[in-house]
Amino acid sequence: LGQAKNPLIIQSHLKKLFQGIYKVSFNHDSTQITAMLSSMNEIVKLESPVTTSDKVEEWLYQLEVEMRSTLSALLISCLREKSLSWNYPSQILCLSQSIRFTEEAEIAIEDGVDAVIKLRKQLESTLLSLTSVDLSNEPLIQTKM
């Protein structure tokens, strides 16, 4: 933090401070953080850029707030999708699928054995379709699965 006047130097420490952020993307003059990048080079554009300053603790806090806000908005958007869309970050896809599964399982359990059997068949079909795709040339999509 002794190099607080240079956000590019602070960037090398971000992966220690924020799990999942390998580095960030800056605007042209390095005064604003515009996106988060994972170690797989998955890019998540921030809804609102975070302005960097000499007060490193303040802009790191703002980065945390904006990261949460952006991911929250992405989750809401992903859950509104009618079908699975690979246009979202992997952690959002994973969380949204967990939420959908839970909702579908609760409904099936309330509706009885036939509904549970139907859900199981639907899940097996989805699993078969996901595992039969060759993604050896698409490591990021492979990670999202």
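Since the structure is predicted, the reported quantities are computational estimates derived from the model, not experimental observations.

K.L.:
Hey, could you go over the pattern of salt bridges for me, with residue numbers and the actual values?
P.N.:
Here the structure, examined in full by the defined rule, presents 2 salt bridges. Note that Glu-64 is salt-bridged to Arg-68, the shortest N-O span being 3.0 Å. Linking Glu-64 with Arg-68, this pair stays in helix 2 (residues 56-80), spanning 4 residues, or about one helical turn. In this structure Arg-68 comes out as exposed when scored by relative accessible area, which is 57%. The salt bridge partner of Glu-124 is Arg-120, with a shortest N-O separation of 2.9 Å. With a gap of 4 residues between them, Glu-124 and Arg-120 both fall in helix 4 (residues 113-131), about one helical turn apart.

K.L.:
An account of unusual backbone geometry is needed here, citing residue identities and associated values.
P.N.:
The backbone phi angle of Ser-30 is positive, close to 55°, even though this residue is not glycine. Note on placement: Ser-30 falls in the loop between strand 1 (23-26) and strand 2 (32-37). Unusually for a residue other than glycine, Asn-41 sits at a positive phi of about 65°. Counting through the fold element by element, Asn-41 comes out in the loop between strand 2 and strand 3 (43-51). Classification of Asn-41 as partly exposed rests on a relative accessible area of 48%.

K.L.:
Please set out the pairing of strand 1 residue by residue, giving values where relevant.
P.N.:
Of the two faces of strand 1, only one is covered, namely that formed by Val-24 and Phe-26; the face formed by Lys-23 and Ser-25 stays uncovered. Note: strand 1 against strand 2, 4 bridges, orientation antiparallel. Along strand 2, the bridge assignment pairs Val-24 with Met-36. The turn joining strand 1 and strand 2, which pair antiparallel and follow one another in sequence, is formed by 5 residues; a positive phi near 55° is taken by Ser-30.

K.L.:
Please provide a residue-by-residue account of the nonpolar core, values included.
P.N.:
Grouped together as the largest cluster of nonpolar side chains are 22 residues, with contacts concentrated most on Ile-33 and Leu-63. Mapped onto this core, the elements with two or more residues apiece are helix 1 (7-17), strand 1, strand 2, strand 3, helix 2 and helix 3 (90-111). If one sorts the elements of this core by residue count, helix 2 sits on top with 8 residues. Ignoring any residue separated from it by four or fewer positions in sequence, one finds Ile-33 in contact with Val-24, Ser-25, Phe-26, Leu-46, Pro-49, Val-50, Thr-52, Trp-59 and Leu-63.

K.L.:
How would you sum up the pairing of strand 2? Please name residues and give values.
P.N.:
Where strand 2 and strand 3 come together, 5 bridges link them in antiparallel fashion. Note on strand 3: the bridge partner recorded for Leu-37 is Ile-43. Where strand 2 folds back onto strand 3 in an antiparallel hairpin, the turn is made up of 5 residues, including Asn-41, whose phi is positive at roughly 65°.

K.L.:
Let's hear about the environment of Leu-14: which residues, and what values?
P.N.:
Mapped onto the elements of the fold, Leu-14 is located in helix 1. Residue classification places Leu-14 among the buried positions, given a relative accessible area of 1%. Along the backbone, Leu-14 and Leu-60 are 46 residues apart, and their C-alpha atoms lie at a distance of 9.0 Å.

So, how was this worked out
Residues numbered from 1 in each chain as written. Predicted model: local features only at pLDDT ≥ 70, side-chain atom pairs only at ≥ 80, totals over all residues. Heavy atoms only, no water. Salt bridge = Lys/Arg side-chain N within 4 Å of Asp/Glu carboxyl O. Helix = DSSP H or I, 4+ residues; strand = E, 2+ residues; numbered from the N terminus. Buried < 20%, exposed > 50% of the residue type's maximum accessible area, 1.4 Å probe, protein only. Pairing = 2+ DSSP bridges. Core = buried A, V, L, I, M, F, W, Y, C linked by side-chain atoms within 4.5 Å. Contact = heavy atoms within 4.5 Å.

Limitation: the analysis is restricted to geometry and does not speak to function.
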